[in-house]
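Observations on the model geometry
The lines below spell out each chain.
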Amino acid sequence: MRERLFDLGLWLLLCVPVLLRSDPNDGGSWLQVAVGVVVLGGCVAVSRRWPLVALAATVAASLPASLELFTPSYSLALVAFGYLAGRRQEHTRAALWLFGAVAVAGLALTSLTRTSLGQWFTLLLALALAVVAPWLIGRYVRQYDRLVRSGWELADRMEREQAAVADRERLRERSRIAGDMHDSLGHDLALIAIRAGALEVSPELGPEQQRAAGELRRAAADATARLRDIIGVLREDDSAAPTSPPGETVEELTARARASGLAVTLAPTPVPTLPGMSGLALHRVVQEGLTNAARHAPGAAVSVTVDQDPTSLRVRVVSGPGTGGTDSGGGTGLVGLDERVRLAGGTLGHRATDDGGFALTAVLPRNPPAPLPAAPTSARELDRARREVRKGLARAIWIPLALLAALGLLMAGVALWTQARSYLEPADYDRIRVGQSLAEIDEEAEDWPDRPLDGPPRGAPAEPPGMDECRYYRATMLAAIPVYRLCFADGHLAGKAEVP
């Protein structure tokens, strides 16, 4: 409803100049008034869907009234539809083609009506000021509105995504906590199973105690398997699970495994320390290697070696022959370990040894590079919208200036060409004589001008009496005066003079 009221008001406003300037009192007719009102009504009706059609129709209604395109009846309509075309048209190529077509049509009409090129220059100037300039303003307003709308859309999208972002962060934290729980609890359960196995075969215990130790060993193994099955899931939001790996050193970790009955050697001691994520990854590599050895190669010897250079540290955990060194149950131990090492800026490798054992190797940097935060998508989109607005503003400034400069150069070139057509060489002026006919003068002159000036310059003396015709030619190319005056009587040159 609001759009219809706006269109109705626009139509009534544009009809006012037609009613005032095209009626019989101003040299027009009521037929012209009716045609103008109907044309403007149709232009307003189609301007929302086809804005360039409305602008082209207004230009077509203006040209028959004036080849200079500036008419009192339709000038306001040209400005209005030029602005609306820039405001509503998505692409600019069609508008540029329309402006070029108007310029070419004006030149063609000027040639057909045999009028001076000055009218065509006036048409170009009117086109630039009454059509192109409002169109550029409309383009800028469109780009500015797009920037404002993009800003509000981005703000609304960010508000809608706040809950989703919080949920993603919560799930990510849960996944990290679950991984740490698997690392620490899985290691401890593996050591418990080793101690229970030692008690199960101890000759100092009776049959009942050995059976209880065996049940404890099997329960620890089952608990480890169940922990692997539920990795990545926390069932309660407010659970107080540990959020970081144990604070023990690599020396303490290997000593605790050795006390549990695992044959572990560590070299060298003390183990070099690493900061941040690299230190946590080092602890996890050794822990995962000991856990796998206790689970899949019980009783086998395990060696932990740490080598270093100025930029990195290399840790290697090798277990003896057993049932295998990988997660035979298809768990995520090594997968999670590989991700942790990668995030620390290092690399992880694992393979079976020649004697049937397993080797776990990691290379960790001493100073891992800090990841650069990616620019938010909303910020990139807003920056892109701002650049589009700045480009639109620049076009709104330089395009009119370029058009005016091109128009000025074109007018200067045409003026020089027109002056050259009416320039008479001084040598040719001195060569012609009084009494010669036009044919004799044309034969004797080497480069006779194509056409004379339109009339004498302002302030020139009166023409001599008794002459049929006096023609004026430029004596210099660029200056308006002096000029040569050639007067003819009965088809022959009757007098010549240089008029100051």
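Please read all numbers here as calculations on a predicted model, not as lab measurements. (Residues numbered from 1 in each chain as written. Predicted model: local features only at pLDDT ≥ 70, side-chain atom pairs only at ≥ 80, totals over all residues. Heavy atoms only, no water.)

Glycine aside, negative phi is the norm for most residues, and most peptide bonds take the trans geometry. The peptide bond linking Ala-267 to Pro-268 adopts the cis configuration, its omega dihedral lying at -10°. Among the structural elements, Pro-268 can be located in the loop between strand 1 (264-267) and helix 9 (276-296). (Helix = DSSP H or I, 4+ residues; strand = E, 2+ residues; numbered from the N terminus.)

This model, assessed by the stated rule, comprises 2 aromatic pairs. Ring centres 5.4 Å apart and planes at 80° place the aromatic pair Phe-99 and Trp-135 in the edge-to-face group. Here Phe-99, found in helix 5 (residues 93-112), pairs with Trp-135, found in helix 6 (residues 117-200); they are 36 residues apart in sequence, far enough to count as distant. In terms of burial, Phe-99 and Trp-135 fall into one category: buried. Taking the centre distance of 4.0 Å and the plane angle of 5° together, the rings of Tyr-429 and Tyr-484 count as stacked. Linking Tyr-429 in helix 12 (residues 426-431) with Tyr-484 in strand 7 (residues 483-489), this pair joins segments that are 55 residues apart in sequence. We classify Tyr-429 as buried; its relative accessible area is 9%. When the ring centre of Phe-488 is taken as reference, the NZ or CZ atom of Arg-471 above it lies at 5.5 Å. Residue placement shows Lys-496 over the ring face of Tyr-429; its charged tip is 4.6 Å from the ring centre. (Phe/Tyr/Trp six-rings, centres within 6.5 Å; stacked < 30°, edge-to-face > 60°. Buried < 20%, exposed > 50% of the residue type's maximum accessible area, 1.4 Å probe, protein only. Lys NZ or Arg CZ within 6 Å of the ring centre and 35° of its normal.)

A surface patch of nonpolar side chains, about 350 Å² in accessible area, is lined by Tyr-144, Val-148 and Trp-152. Residue Trp-152 is classed as exposed on the basis of its relative accessible area of 64%. (Patch = residues over 30% accessible without salt bridge, like charges linked within 9 Å, V, L, I, M, F, W, Y side chains within 5 Å. Areas by Shrake-Rupley, 256 points an atom, 1.4 Å probe, with all protein chains shown as cover. Salt bridge = Lys/Arg side-chain N within 4 Å of Asp/Glu carboxyl O.)

We now examine the pattern of salt bridges. Using the criterion set out here, one finds 6 salt bridges in the structure. For the salt bridge of Asp-7 with Arg-48, the shortest nitrogen-to-oxygen distance reads 3.1 Å. Highlighted residues: Asp-7 in helix 1 (residues 2-21) and Arg-48 in the loop between helix 2 (30-46) and helix 3 (51-62), separated in sequence by 41 residues. For Asp-7, a relative accessible area of 16% corresponds to the buried category. Its relative accessible area of 33% is what places Arg-48 among the partly exposed residues.

What follows is about the nonpolar core. In this structure, Leu-14, Leu-40, Leu-55, Leu-69 and Phe-81 are the most contacted members of the largest nonpolar core, which totals 36 residues. For this core, the secondary-structure elements that each account for two or more residues are helix 1, helix 2, helix 3, helix 4 (75-88), helix 5 and helix 6. Sort the elements by how many residues they give to this core and helix 6 lands first, with 11 residues. Sequence-distant contacts of Leu-69, that is, excluding residues within four places in its chain, are made with Val-59, Ser-62, Leu-63, Leu-78, Val-102, Leu-123, Ala-126 and Leu-127. (Core = buried A, V, L, I, M, F, W, Y, C linked by side-chain atoms within 4.5 Å. Contact = heavy atoms within 4.5 Å.)

One open sheet holds the 3 strands; their spatial order is 6-7-8, and the pairing between them is antiparallel. Edge positions in the open sheet fall to strand 6 (469-474) and strand 8 (492-499), since each of these has one partner strand only. With strand direction ignored, the average angle separating the axes of adjacent strands in the sheet is 20°. Looking at chain direction, strand 6 and strand 7 are connected through 6 bridges and run antiparallel. (Pairing = 2+ DSSP bridges. Axes fitted to C-alpha atoms, helices over the stretch in contact; angles between N-to-C directions.)

This paragraph deals with the confidence of the model for the chain. On average, residues of the chain score 77 in pLDDT, and 80% of them are at 70 or above. Across residues 235-245 the pLDDT falls below 50, and counting only partners more than four positions away or on other chains, this stretch makes 14 contacts in the model. Across residues 323-331, confidence stays below pLDDT 50; counting only partners more than four residues off in sequence or on other chains, it has 21 contacts. (pLDDT = per-residue confidence, 0-100.)

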